[in-house]
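Chain by chain, the residues:
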Amino acid sequence: DMARRWHDTKVFYVTDIHLDSKISDIYGDSVSDEDAEFVIGLSVENIVKDYREGHAHHSILLIGGDVSHDSHRTEVFYKKLTESIPEREILAILGNHEYWDEKTRESNTSDLNLTSEFYEKMFNRLYISFADNMLFTYKGDRRYFVRGEELLNASLEEIQEFVKDSPLTILGGTGFSGLNEEYNCTCGMYRDAVRSREQEKELSARFESVYSKVLEAVPDSRILVLTHMPMCDWTDKTPNPNWIYVSGHTHRNVLNVTDESQIYSDNQIGYGGVVHLKSFYMSREHDIFRYYPDGIHTITKDLYQDFYRSKNMNMSCNREGTYTMIKRDSLYCFFYQRGGKLFMLDGGVIRDASGHG
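Residues numbered from 1 in each chain as written. Predicted model: local features only at pLDDT ≥ 70, side-chain atom pairs only at ≥ 80, totals over all residues. Heavy atoms only, no water.

1. Brief notes about the pairing of strand 14 (residues 322-328)
- In terms of strand pairing, strand 13 (residues 295-299) meets strand 14 through five bridges, oriented antiparallel. Following the sheet pairing, H297 is matched in strand 14 by M325.
- With seven bridges connecting them, strand 14 and strand 15 (residues 331-338) associate as antiparallel partners. Looking across to strand 15, one finds that I326 is bridged to C333.
- From the end of strand 14 to the start of strand 15, which pair antiparallel, there are two residues, and D329 there has a positive phi angle of about 55°. (Pairing = 2+ DSSP bridges. Helix = DSSP H or I, 4+ residues; strand = E, 2+ residues; numbered from the N terminus.)

Here's what the structure looks like:
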């Protein structure tokens, strides 16, 4: 129902599942597709069990890359997952291992965009959200997304408009390791996909420019940033304390949730680990009028109701008439006018505001 829809979202997350190492640990290098599928099924079963046991009314499952370096195995994993939990919202990104498979860019092995397109088609078939330098919003029962190039060309006001009444907003991408001078493409972590530091730096800069644009537009909104690489690999900015960061890649689990930063990189399964989910609640409370300028605004009855719902307060208001909001910083005053009479609004209650005495 509408009231429940605005409650906290439960965010499940897992990164670095590395199915290939789990398969070869059991079967060695000569393994049939059938045997590989059996091992993939075990990992999926663990995820499904954790999800079902912990699932709240509003849940999303984030998968942060390095599922497998074989695109067929990756598809088997996601297909089994969607069949096992049909009523679910999943958002996935690619890790460096997903770029290993040259089958994903057969027409031009050096064009990484082909890998992205390959996986986007796969995820679309499975009704899974795929974020490759994209911003997703979840409003009511629908999701919307904007691609990185569109964000870079958009005005700050357009981004604010896109985000403003979204209780859940996710910016996702691989991130790459452009700023990591120690562990980067020279270690072979992309196989032949990323061949030079210049290319790797450019890939990180591309994500960082999208990140910076969204940060400039909506620094006070609650945004979840999902990348495969940790933040320090792709930007030298410090975390925005209002935002939540989920990442993997290092195989060193770190949880850092303070007033200064909210970093969840603590569910990296790694080569030998058993797959399981972790979760946190992301408050859906938000302010739909945050980016309106100070002053007097004529608003609709629906917007007035949405404001209360966005604050997790249930309120119904059925009066037809003119609704006015006066805003100063984060202080709001609402008025309702019908005929020649002015009323002050207090939730669903009206109080005479015509100034007697």
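2. Looking at the pattern of salt bridges
- This structure, assessed with the given rule, holds 18 salt bridges.
- One salt bridge in this structure joins R197 and E200, with 2.9 Å as the shortest N-O distance. With R197 and E200 both in helix 8 (residues 197-217) and three residues apart, the pair spans about one turn of that helix. Each member of the pair, R197 as well as E200, carries the same accessibility label: buried.
- Ionic pairing is found between K341 and D352, a salt bridge with its closest N-O pair at 3.7 Å. (Salt bridge = Lys/Arg side-chain N within 4 Å of Asp/Glu carboxyl O. Buried < 20%, exposed > 50% of the residue type's maximum accessible area, 1.4 Å probe, protein only.)

3. Some points on helix 4 (residues 71-84)
- Here helix 4 contains 14 residues, and its C-alpha end-to-end distance of 20 Å stays within 8% of the 20 Å for a straight helix at 1.5 Å per residue.
- For helix 4, the full list of buried residues reads S71, R73, T74, V76, F77, Y78, L81 and T82.
- Contact partners of the buried residues in helix 4: helix 2 (19-27), helix 3 (33-54), strand 2 (59-63), strand 3 (90-92) and helix 5 (112-125).
- Put simply, D70 is the residue that caps the front of helix 4, since its side-chain oxygen is 2.8 Å from the backbone nitrogen of H72. (Expected span 1.5 Å × (residues − 1). Contact = heavy atoms within 4.5 Å. Polar contact = N/O pair within 3.5 Å; in protein donor to acceptor, adjacent residues only side chain to side chain.)

4. Comments concerning the packing of aromatic side chains
- Scanning the entire structure with this criterion turns up 27 aromatic pairs.
- Considering the side-chain rings of Y99 and F176, the 5.6 Å spacing of their centres and the 50° angle between planes classify their relative orientation as tilted. Note that Y99 is positioned in the loop between strand 3 and helix 5 and F176 in the loop between strand 7 (168-173) and helix 8, a separation of 77 residues in sequence. Accessibility assignment for this pair places Y99 and F176 in one class, buried.
- Through successive ring pairs, a cluster of aromatic residues spans F289, Y292, Y304, F307, Y323, Y332, F334, Y336 and F343.
- In this structure, K139 is placed above the aromatic ring of Y144, and the distance from its NZ or CZ to the ring centre is 5.8 Å. (Phe/Tyr/Trp six-rings, centres within 6.5 Å; stacked < 30°, edge-to-face > 60°. Lys NZ or Arg CZ within 6 Å of the ring centre and 35° of its normal.)

5. Regarding the state of the cysteines
- Following the criterion strictly, the structure yields zero disulfides and no others.
- In this structure C187 is not part of a disulfide, and its nearest cysteine sulfur, from C185, lies 8.2 Å away.
- We note that C232 lacks a disulfide partner, and the nearest cysteine sulfur, in C187, lies 15 Å from it.
- In this structure C232 comes out as exposed when scored by relative accessible area, which is 55%. (Disulfide = S-S within 2.5 Å.)

6. Considerations on the nonpolar core
- Core analysis: the largest hydrophobic core is formed by 64 residues, its most contacted members being F77, Y78, L81 and Y211.
- For L81, the contacting residues outside a window of four places in its chain are V44, I47, V48, L61, I63 and I90.
- If you look at the next biggest cluster of nonpolar residues, it comprises 19 residues, including M134, Y138, L168 and L224. (Core = buried A, V, L, I, M, F, W, Y, C linked by side-chain atoms within 4.5 Å.)

7. A short note on the sheet that holds strand 13
- One open sheet accounts for five strands, arranged 13-14-15-16-17; its pairing is antiparallel. In this open sheet, the two edge strands, each paired with only one partner strand, are strand 13 and strand 17 (349-352). Averaged over neighbouring strand pairs, the angle between their axes works out to 35° when direction is ignored.
- Sheet topology places strand 16 (residues 341-346) next to strand 17; four bridges connect them, and they run antiparallel. By the bridge assignment for strand 17, M344 is matched with R351. (Axes fitted to C-alpha atoms, helices over the stretch in contact; angles between N-to-C directions.)

8. Concerning the environment of T115
- One can find T115 in helix 5.
- What makes T115 buried here is its relative accessible area of 0%.
- The spacing of T115 and S84 is 31 residues in sequence and 26 Å in space, taken between C-alpha atoms.
- When near neighbours in sequence (up to four residues on either side) are disregarded, T115 contacts L94, E98, Y99, T104 and R105.

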